[in-house]
Amino acid sequence: MRRYTLIGLCTLIWVIAGEGFAQESDGVTGTGFTFLQYPKNARTVALGEAGVGLIGSGQAILYNPAGLAFMEGREAYFTYVDWISSIKYYVAGISANVPRIGTLGLSVENHDTGPIESENTTLEISEYAISGAYGGLITDRIALGTTLKLIHQSFPERTQNVFAFDLGTYFATGFRNTVIAMGVENLSTSGLGEPERWGLPKNVRLGVLLDLIALMNFDLLSHTLDLVVDVNNPNDSEDGFYTDIGFEYTYTYQTAIGDMLGFSLRAGRKKRPGSIIDPNTLGIGVLFKTQGIGLKVDYTSKSFESLFYERVHILSVAFDF
């Protein structure tokens, strides 16, 4: 029964995604609102942006809202992205589990280009997205989530607000911590104000998370080694599918009184066709938890192949309480 429930949910998402993709105008490859594709979380970026199968964090709202369903307690988080050409990107949010209901989340993303000089004038650009999400359990191993977004873009003499939504499913198979997940991003083509020529950057992602230590049947309680793989099908690529892949090793130490200290090493590869960004990434993370309050800090950076002197720095901080 559970298997058929998951198959039905995935089929529904594929149908909805197909309808949304079919609405792309003129059959032209390309999208607007490109700020939505900026990195949103240092951990996921370090894993090659393979994040649809990750859980246990309130930041699941950014990649797969179904992952919220397995979160406990509350989490507030903030991500700072130091992009090239003095561009900054900020993400902040909070998620909270409500017993017997599910997990609710709220996030804000802001793209700060700074003032742009053009023909003796200074242009001010405003781009941001506000998202509300819900993730709930269908069974003890199957979850469904959705995110509703208000996306704002304002240029001189032109302002546009667009509503979009994400859908996600999550299936813990019960076989040695293996996870299968699926997400669809930015399903919408309608806008208020002047229409955006290219529409939103949509993507369908199928992800798998493998606990390699459990699969090898080792009993290492303080150590985990995960392999995460996402297969992407975006609407703005003539080359179709591409794959993200990442590895995460984590060591945790728990004291006799329940305090916890941990660190993570991460590596990933995101090779999107035509991208000038270095596909390889490395990242680190630390975790400290005491008396029910936790602090997580993650960092990674990326470089551009054609601009090797330019590096992108991503720092994420989260508080569990």
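Computed from a predicted model, the values in this text were never measured in an experiment.

### Brief notes about the overall build of the protein chain
Helix and strand counts for the protein chain come out as three helices and 17 strands. The buried share of the protein chain, reckoned over its 321 residues, is 48%. Long-range contacts, defined here as pairs at least 24 residues apart, represent 55% of the contacts in the protein chain between residues at least 6 apart. Entry remark: accessible area of the protein chain is about 15,700 Å², with carbon and sulfur atoms responsible for 61%.

### Brief notes about the nonpolar core
With 28 residues, the main nonpolar core has Phe 33, Phe 35, Leu 36, Trp 83, Ile 151, Leu 200 and Val 312 as its most contacted residues. Of all elements in the fold, only helix 2 (42–46), strand 1 (74–82), strand 2 (88–98), strand 6 (126–137), strand 8 (158–172) and strand 17 (311–320) reach the threshold of two or more residues within this core. For Leu 36, the contacting residues outside a window of four places in its chain are Tyr 89, Ala 129, Ile 151, Asn 186, Leu 200 and Pro 201. Of all hydrophobic cores here, the second largest spans 13 residues; its members include Ala 69, Ala 172, Ala 181 and Leu 209.

### Quick notes on the environment of Glu 49
Topologically, Glu 49 is positioned in the loop between helix 2 and strand 1. For Glu 49, a relative accessible area of 15% corresponds to the buried category. Residues Glu 49 and Thr 281 lie 232 residues apart in sequence; the distance between their C-alpha atoms is 9.6 Å. Those residues in contact with Glu 49 that lie beyond four places of it in its chain are Thr 44, Arg 205, Asp 230, Asp 244 and Lys 270.

### Some words on the packing of aromatic side chains
Counted by the stated rule, this structure contains seven aromatic pairs. Residues Phe 70 and Tyr 170 carry aromatic rings whose centres are separated by 4.8 Å and whose planes lie at 50 degrees to one another, so their mutual orientation is tilted. Residue Phe 70 is located in the loop between helix 2 and strand 1, and its partner Tyr 170 is located in strand 8; the two are separated by 100 residues in the primary sequence. The exposure class of Phe 70 is partly exposed, given its relative accessible area of 21%.

Quick notes on the rules
Residues numbered from 1 in each chain as written. Predicted model: local features only at pLDDT ≥ 70, side-chain atom pairs only at ≥ 80, totals over all residues. Heavy atoms only, no water. Helix = DSSP H or I, 4+ residues; strand = E, 2+ residues; numbered from the N terminus. Buried < 20%, exposed > 50% of the residue type's maximum accessible area, 1.4 Å probe, protein only. Contact = heavy atoms within 4.5 Å. Areas by Shrake-Rupley, 256 points an atom, 1.4 Å probe, with all protein chains shown as cover. Core = buried A, V, L, I, M, F, W, Y, C linked by side-chain atoms within 4.5 Å. Phe/Tyr/Trp six-rings, centres within 6.5 Å; stacked < 30°, edge-to-face > 60°.

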